[in-house]
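If you want the building blocks of each chain, they are given just below.
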Amino acid sequence: MTRPAMSGSSSSTEAAASSLLRQGRGDGPPMASYGAAPGITMPPPRPLHPLRICGILSTAFCYGCVVTTLFLLVLPIECRRIELLTRGKLSKSISLGVFAAIAGASQLVCPLIGMLSDRYRPRTRKRRRGKRTDTNEDAEHKVHHRWVRGRRMPYLLFGSMLVEIGLMGMNTSSLASCYSIYTFAFALAMVGINTTYCVMIALIPDLIPHEQTGQANGTLALLLVSGSLFGFGLFELVLDKGVRTNYIIYMFCMALTCTIQFFSANGLSGKKEDEEEVERKQGVEGVLASEDEHVDDTNNYLLSTLPGLLSLGIIPTLQNMIYRPLSTMTWAEIRHAYWVDPKEHHDFFVVTLSRLFYYLGLSAQCFFLYFVHDIIHERENPEAAASGLAMITTA
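Residues numbered from 1 in each chain as written. Predicted model: local features only at pLDDT ≥ 70, side-chain atom pairs only at ≥ 80, totals over all residues. Heavy atoms only, no water.

**What about the overall build of the protein?**
For step 1, the next point in the chain: The secondary structure content of the protein amounts to 16 helices and 0 strands.
For step 2, the next point in the chain: When the 395 residues of the protein are sorted by exposure, 48% land in the buried category.
For step 3, the next point in the chain: When contacts within the protein are restricted to residue pairs at least 6 apart in sequence, those whose partners lie at least 24 apart make up 84%.
For step 4, the next point in the chain: As presented, the protein carries roughly 19,400 Å² of accessible surface, and 65% of it is formed by carbon and sulfur atoms. (Helix = DSSP H or I, 4+ residues; strand = E, 2+ residues; numbered from the N terminus. Buried < 20%, exposed > 50% of the residue type's maximum accessible area, 1.4 Å probe, protein only. Contact = heavy atoms within 4.5 Å. Areas by Shrake-Rupley, 256 points an atom, 1.4 Å probe, with all protein chains shown as cover.)

Here it is in structure tokens:
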């Protein structure tokens, strides 16, 4: 089930597990060490300000706000409408279980997104013959004026776009009582929010110094819990206006937190990218390629930018972000990303097993509103009772 922890310890364990998986399984070191050349020692990264760390992980606030209230309050209400529209042929419990299964399956996109972003390269083209070679100062100037930097940021923007489109579709189809489209839009939103969450977790080992990993995990847990409390409190205020108001709030929250995370992490991603490029050229290539194979820096990241997306179309963009990285993988590598050897990676296997039981428990919480209404017989305002109890357990 796609939901954050109701307490801080789970999210901290999840972030630590992500770092352990990358290091223990050999999926790749943090971005700063990609392509490190022998004999080149990079200076240790400077500590980040706590507000910068909070900005890098800001989408955790949206994750906590959206997912907890969506599954504990909004979806049960929508499923009750489905039962009424079908005149009891499709029960609210079965409908809610289907949505829970879709959300759980959507989490399987996370390992694949990690592999795609690890192998992502911006689309480039060859320099024409006779074109003047830029000086070092010109090249440095162009590098720092790229709009999207690093390997993770394009997937952050892509995931946030999926969330916005999915939430918009959920809002519209709910208003029209068209729940077949609602289900598809829900699946799209879940894939998008898992993509953004996966990118956010990957940014911890990528951008945050090792000495501040504990601080980052604590910040992540705080943002998840505060987002959940904010969502439940806001639900109390907007419930009288209808649950569809929540979809608008979710869209605004995703747009705001994604913007904060992008501008907090994009500069650091660019710095890591520049270090990687220097190491690659000094330690691997040694000299630049021939004039015909020289890469024009002005075209790098063209398809990673919003203008590139609008001018060249979404198909070339998705081809560069999904098809090309996939073409470098083998089926064995993809299968390996979805398998944890209990002997070789015992600690991570224990963490994975504990998360399984944790999510099994959270899945039962989806039916908490029905328990309050049908078992405790709170008829007057069961949503407010469920929301209040959820706030107490979260706090």
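Resuming the write-up.
**Re helix α15 (residues 368-375)**
For step 1, the next point in the chain: Turning to α15, its buried residues are Leu369, Tyr370, Val372 and His373. All buried residues of α15 fall inside an arc of 160° around its axis, so they share one side. (Arc of directions from axis to C-beta.)

**Details of the packing of aromatic side chains**
For step 1, the next point in the chain: Under the criterion given, the structure shown has 11 aromatic pairs.
For step 2, the next point in the chain: Geometrically, the ring pair formed by phenylalanine 99 and tyrosine 182 is edge-to-face, given 5.7 Å between the ring centres and 80° between the ring planes. Pair noted here: phenylalanine 99 is in helix α4 (residues 92-106) and tyrosine 182 is in helix α8 (residues 179-207), with a separation of 83 residues, a long-range link.
For step 3, the next point in the chain: The buried category is assigned to phenylalanine 99, whose relative accessible area is 3%.
For step 4, the next point in the chain: Where tyrosine 120 meets tyrosine 155, the ring centres are 5.8 Å apart and the plane angle is 85°; that geometry is what we call edge-to-face. Separated by 35 residues along the polypeptide, tyrosine 120 in the loop between α5 (109-119) and α6 (136-143) and tyrosine 155 in helix α7 (residues 153-175) bring together distant segments of the chain. The residues tyrosine 120 and tyrosine 155 share a single accessibility class, namely buried. (Phe/Tyr/Trp six-rings, centres within 6.5 Å; stacked < 30°, edge-to-face > 60°.)

**Quick notes on the environment of glycine 150**
For step 1, the next point in the chain: Its place among the elements puts glycine 150 in the loop between α6 and α7.
For step 2, the next point in the chain: Between the C-alpha atom of glycine 150 and that of asparagine 266, which follows or precedes it by 116 residues, the distance is 7.2 Å.

**Brief notes about the confidence of the model for the protein**
For step 1, the next point in the chain: Averaged over every residue, the pLDDT of the protein is 75; residues scoring 70 or more account for 68%.
For step 2, the next point in the chain: The weakest mean pLDDT in the protein belongs to α6 at 43; the strongest belongs to α8 at 93.
For step 3, the next point in the chain: Contacts from residues 15-39, a stretch scored under 50 in pLDDT, to residues over four places away or in other chains number 53 contacts.
For step 4, the next point in the chain: Note that residues 284-306 has pLDDT below 50 and, in this model, 51 contacts with residues that lie over four places away or in other chains. (pLDDT = per-residue confidence, 0-100.)

**Digging into the packing of α4 against α8**
For step 1, the next point in the chain: Running from N to C, α4 and α8 point in directions that differ by 35°, and their axes come no closer than 9 Å. Both α4 and α8 take part in a crossing whose hand is right-handed. Between α4 and α8, the contacting residues are Phe99, Ile102, Ala103 and Ser106 on the first element and Tyr182, Thr183, Phe186, Ala187, Met190, Val191 and Asn194 on the second.
For step 2, the next point in the chain: Among the residues forming the contact of α4 with α8, the class breakdown is 8 nonpolar, 3 polar and no charged. (Axes fitted to C-alpha atoms, helices over the stretch in contact; angles between N-to-C directions. Left-handed = near helix turned anticlockwise from the far one by under 90°. Nonpolar A, V, L, I, M, F, W, Y, C, P; charged D, E, K, R; others polar.)

**Re the packing of α5 against α8**
Helix-helix packing is described using two parameters, namely the angle between the two axes and the distance between the axes.
For step 1, the next point in the chain: In the contact formed by α5 and α8, the axes pass within 9 Å of each other and the chain directions differ by 55°. By the angle class used here, α5 and α8 are oblique. Here α5 runs over α8; the crossing is right-handed. Of the residues in α8, those touching α5 at Val109, Cys110, Ile113 and Gly114 are Val191, Asn194, Thr195, Cys198 and Val199. (Parallel < 35°, antiparallel > 145°, perpendicular 65-115°, else oblique.)

**What about the environment of threonine 328?**
For step 1, the next point in the chain: Inspection of the secondary structure assignment puts threonine 328 in the loop between α12 (314-327) and α13 (331-337).
For step 2, the next point in the chain: For the pair formed by threonine 328 and leucine 116, sequence separation is 212 residues and the distance between their alpha carbons is 9.6 Å.
For step 3, the next point in the chain: Discounting residues that sit within four places of it in the chain, threonine 328 has contacts with Arg119 and Glu333.
For step 4, the next point in the chain: Polar contacts involving the side chain of threonine 328 include one to the main-chain carbonyl oxygen of proline 325, which spans 2.6 Å. (Polar contact = N/O pair within 3.5 Å; in protein donor to acceptor, adjacent residues only side chain to side chain.)

**Topic: the pattern of salt bridges**
For step 1, the next point in the chain: For the coordinates displayed, the defined rule picks out 4 salt bridges.
For step 2, the next point in the chain: One salt bridge in this structure joins glutamate 78 and arginine 81, with 3.6 Å as the shortest N-O distance. Placement of the pair is glutamate 78 and arginine 81 together in helix α3 (residues 59-85), with a separation of 3 residues, close to one helical turn.
For step 3, the next point in the chain: By relative accessible area, arginine 81 is classed as partly exposed at 24%.
For step 4, the next point in the chain: Ionic pairing is found between arginine 152 and aspartate 206, a salt bridge with its closest N-O pair at 2.6 Å. Residue arginine 152 is located in the loop between α6 and α7, and its partner aspartate 206 is located in helix α8; the two are separated by 54 residues in the primary sequence. For the residue pair arginine 152 and aspartate 206, the accessibility class agrees, reading buried in each case.
For step 5, the next point in the chain: Each of Asp118, Arg152 and Asp206 takes part in a single network of salt bridges with overlapping partners. (Salt bridge = Lys/Arg side-chain N within 4 Å of Asp/Glu carboxyl O.)

**What about α8?**
Side chains three or four residues apart in an α-helix point the same way, a direct result of the helix having 3.6 residues per turn.
For step 1, the next point in the chain: The end-to-end C-alpha distance of α8, which contains 29 residues, comes to 41 Å, matching closely the 42 Å that a straight helix rising 1.5 Å per residue would cover.
For step 2, the next point in the chain: With 22 of its 29 residues buried, α8 lies for the most part within the structure. (Expected span 1.5 Å × (residues − 1).)

**Some details on the nonpolar core**
For step 1, the next point in the chain: Core analysis: the biggest nonpolar cluster contains 79 residues, and Leu57, Leu70, Phe71, Met170 and Phe186 have the highest contact counts within it.
For step 2, the next point in the chain: Among residues more than four places away in sequence, those in contact with phenylalanine 186 are Leu70, Phe71, Leu75, Phe99, Ile102, Ala103 and Met170. (Core = buried A, V, L, I, M, F, W, Y, C linked by side-chain atoms within 4.5 Å.)

**Side note on unusual backbone geometry**
For step 1, the next point in the chain: Phi at arginine 87 is positive, roughly 55°, even though this residue is not glycine.
For step 2, the next point in the chain: A residue is classified by how much of its surface remains accessible, and arginine 87, at 80% relative accessible area, is exposed.
For step 3, the next point in the chain: At serine 177, a residue that is not glycine, the phi angle is positive and equals roughly 55°.
For step 4, the next point in the chain: Within the element layout of this structure, serine 177 appears in the loop between α7 and α8.

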